[in-house]
Each structure stands twice: as structure tokens, then as C-alpha cells.
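Summary of the model geometry
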Amino acid sequence: MDKALKQCLGIDVSKASLSLSYGILYSNLKKEFIGCPDIMNDQSGFNSLKIWLGKMVEDKECFYVIMEATGVYHQRVCHFLYDLGYKVCVMQSGRVKRYAQSLDQRSKTDSLDSRMLSMLGLERELRLWEPPSKELQQLKLLSRERSSLLKDKTTEINRQSAVESSNYYCKSAHKRHLKRLQLINEQIRTIEQEMRALVKEDAKLQARIGYLESIPGVSFISAATVVGETLGFESISNGKQLASYAGYDVVLKESGRFKGKTKISKKGNSHIRAVLHMPSMTCVRCNPTLRPFYKRIKPNKAKPMVALVAVQRKLLVLMYTLWKNEENYDEEFEKKKQQGLKVPAARDNSQINLNAS
């Protein structure tokens, strides 16, 4: 019999159920897929999955579980399987979508999606998922709540302006709007205090967020929100992937004589883009690295906002670099880098002159 090189369980996650497909890659490169009835996305379904996997999986070393990130609905099954000792892989939706399009699959069902995920796991090299710390998960929840309250605050301000501008002014309605705004502001302040207290409890997390705060123009809330939304950049391996995750990847459409406009996809985390807007406006005024960058590209753009978005992308990658390297911002880094590149060039020229003489 042909030896099984790799085994992969594809799970298509929804709020109520899990669709499963068990794939096996043999030494002759043939694939076999075994279906399984859908199970509930709760503890009873997880127990059934545990029993079924115990019968199917013989070698955990060559077995993987792969699923697509779907908000919060995939989190419980991820933690359950990870605690059982299985290798879990959580794929970003954009990568899964592009792979599905390459299959030229016209129908779309939960069973087909789980089979597609299983096939992706068999064919591609997978990056293993590890559960983020409780502090990072809590930080993300707090940042999301703060973002929601900021939207509510904007809505209430617009409503209050409409009430004040109305021909039929209602004093009692105006008071209620003011009370709601006061409550929202108090809750925002409370959440920000909880975020600071949460970070202070973890010395390592506080130090690493401090690296991001060392960037001129980046506040604690901005740094903490980016770290929380990316869960400490746990699924990010490079700056390009991070830009795509945040929706800063550039999209250009051209066909024949048609020349489309270059723009960012915005198919990513909108919370990160929203929180980087104000820091980017500060950076173009006071940041030694980003200010020259903004002045250099602004004249070539039709709108200043395009150059500002480019600053946001560069700022996000800079934050990721400082987080990974665990170092503070160095405003002389660009000059040092240029000097480091010029020295070898000067040595090469001197060597050429010596050879010529």
C-alpha cells in the first residue's frame, strides 16, 4: 500500500456548525478525501470530533487541522484541538479565497469549502497557529469596544447638531443627547484606563508596546490598538503580509487601453486603518523619518490623502519591525543605513583605482 505522506482535516466554520473533510496525500501524490457529517459548533460537537479523530489519526506528526479565520466563531474549536495536541493552522480569508478561485470551482457549499481547505493543507506548506495570550485577547476586546463607542459618539454628535439646527428646537431632547454623549465619553475613558492597567500587569507586553510608543507621533492607544488587533502580530511573517492584513495592499486594474487608478484594496482590518489616521497626520509634522517621506511623494500624488495613506502603511510596517526586533525607534537609522551602503561602494572604487594603476 502507498504510504500516507500527509493528512489534513479541513473545517469550514459557521456560527452553529462545523463541516469536515479529511484528506490524505499518498506517496504516489494521489489524494483521498473522506467526508464526515456536520457537527455542532459547541462542546458536544467538539467531544464527537475528539472521538472521530481518535479513530482516524494514527500519527499526529503528519496530521494537520486547517480552517479559515471567521471572526470569533473559529476560536473555540481552535483552542480545543490545540489543547488535544493537534497541529492547527488558521488561514487568512484572502489567501483561502485566492486558492479557491484557482480551482475553478463554480459551486459553493460548506462541504466543498471544507474539502477545498483540506486540499490546500495537503498541497501547501502551513504555518502553525498558537493561541495568543489572555492579555492580548483582552486588549483586542477592549480596543474593539472603544472603536464601537467612538462610532456611537460621532452618531450622537451628528444627531445633536441636527436637533440644534432644527426649526423646532426641543430642549428636553437636547439634554438627553448631552447625557448620552457624557456617558459615552466616560465609558471611553474607563476603557482606556483598563487598557493601560492591563498592559502594566505584563512587564514584557508593556516593554514591547513602549518600543512602538518611541516613534514620534504614536500614542499608547494607537500602539495598543494595533497590537491588540493583530494579537501581537502572531500570524504575521513580513511587512507585505501585514499591509495586506490591514487593507493597505495596492490594487491596480489595467486592460488594453484602459488604465485604472491605483488604490488600496481596503479588504482588511478597518480598525487598524482607522486608528492610524491621526498618528499619520502627526508623523508628517514631527517624525524625522516619515516627514521627509511624505514631502517626497506628496507632489507626485493627485490628492494629499494618497500620500497620507502611504505614510500610514509605512508607519504600520515600522511598528511591526520595532515589535519583532524589540528595539526603540532610531531617527538616525536611515542615515546610518545610507552610510553603510556608501562605505562598501567607496571601497570598491578604491580597489578599481588600484587595479587600474
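Anything mentioned here points back to the structure above.
Residues numbered from 1 in each chain as written. Predicted model: local features only at pLDDT ≥ 70, side-chain atom pairs only at ≥ 80, totals over all residues. Heavy atoms only, no water.

Once that is clear, we can look at the environment of Met-119. Locating Met-119 in the fold gives a position in helix H4 (residues 110-123). The spatial distance from the C-alpha of Met-119 to the C-alpha of Tyr-22 is 9.2 Å, given a sequence separation of 97 residues. When neighbours within four sequence positions are excluded, Met-119 is seen to be in contact with Lys-31, Phe-33, Tyr-99 and Leu-103. (Helix = DSSP H or I, 4+ residues; strand = E, 2+ residues; numbered from the N terminus. Contact = heavy atoms within 4.5 Å.)

Counting buried residues along strand S4 (residues 63-68), five of its six residues qualify, which places the element largely inside the surrounding structure. Across five bridges, the pairing between strand S1 (residues 4-13) and S4 is parallel. Within S4, the position partnered with Leu-9 by the bridge is Val-65. Sheet topology note: the S4/strand S5 (residues 87-91) ladder contains five bridges and is parallel. Following the sheet pairing, Val-65 is matched in S5 by Val-88. (Buried < 20%, exposed > 50% of the residue type's maximum accessible area, 1.4 Å probe, protein only. Pairing = 2+ DSSP bridges.)

Here we take up the side chain of Ser-21. Within the secondary structure layout, Ser-21 lies in strand S2 (residues 17-26). Using a relative accessible area of 4% as the deciding quantity, one classes Ser-21 as buried. Residue contacts for Ser-21: discarding those within four places in its chain leaves Cys-8, Leu-9, Gly-10, Phe-33, Ile-34, Ser-114, Arg-115 and Ser-118.

This part is about the packing of helix H3 (residues 93-102) against H4. Relative to each other, H3 and H4 sit at 95°, their axes nearing to 11 Å. Taken together, the axis directions place H3 and H4 in an arrangement best described as roughly perpendicular. Here Val-96, Tyr-99 and Ala-100 of H3 lie close against H4, whose contacting residues are Met-116, Leu-117, Met-119, Leu-120 and Glu-123. Split into classes, the residues belonging to the contact of H3 with H4 amount to seven nonpolar, no polar and one charged. (Axes fitted to C-alpha atoms, helices over the stretch in contact; angles between N-to-C directions. Parallel < 35°, antiparallel > 145°, perpendicular 65-115°, else oblique. Nonpolar A, V, L, I, M, F, W, Y, C, P; charged D, E, K, R; others polar.)

Looking now at the sheet that holds S5. Overall, mixed pairing links the five strands, which are arranged S3-S2-S1-S4-S5 in an open sheet. Two strands close off the open sheet at either side, each with one partner strand: strand S3 (31-40) and S5. Between one strand axis and the next, the sheet turns through 20° on average, direction left out of account.

Position of Arg-273 among the secondary structure elements: in helix H10 (residues 270-275). No salt bridge forms around the buried Arg-273; measuring N to O, its nearest opposite-charge neighbour Asp-249 is 7.3 Å away. At a separation of 2.9 Å, a polar atom in the side chain of Arg-273 contacts the main-chain carbonyl oxygen of Ala-246. If near-sequence neighbours (up to four positions away) are discounted, Arg-273 is found in contact with Ala-246, Gly-247, Tyr-248, Ile-264, Lys-266, Gly-268 and Gln-312. (Lys, Arg positive; Asp, Glu negative; His and termini not counted. Salt bridge = Lys/Arg side-chain N within 4 Å of Asp/Glu carboxyl O. Polar contact = N/O pair within 3.5 Å; in protein donor to acceptor, adjacent residues only side chain to side chain.)

What follows is about helix H2 (residues 75-83). Along H2, the residues that are buried comprise Val-77, Cys-78, Phe-80 and Leu-81. Projection of H2 onto a plane perpendicular to its axis shows the buried side chains occupying an angular sector of 165°, all on one side. Summarising the geometry of H2, the exposed residues directed more than 90 degrees from the buried face are Arg-76 and Asp-83. Buried residues belonging to H2 abut S1, S2, helix H1 (43-56), S4 and S5. (Arc of directions from axis to C-beta.)

One non-glycine residue, Leu-29, lies in the positive phi region at around 70°. By secondary structure assignment, the location of Leu-29 is in the loop between S2 and S3. Owing to a relative accessible area of 60%, Leu-29 belongs among the exposed residues under this scheme. Of note in this structure, Leu-231 is not a glycine but carries a positive phi near 55°. In this fold, Leu-231 is placed in the loop between helix H8 (220-229) and helix H9 (239-246). In this structure Leu-231 comes out as buried when scored by relative accessible area, which is 15%.

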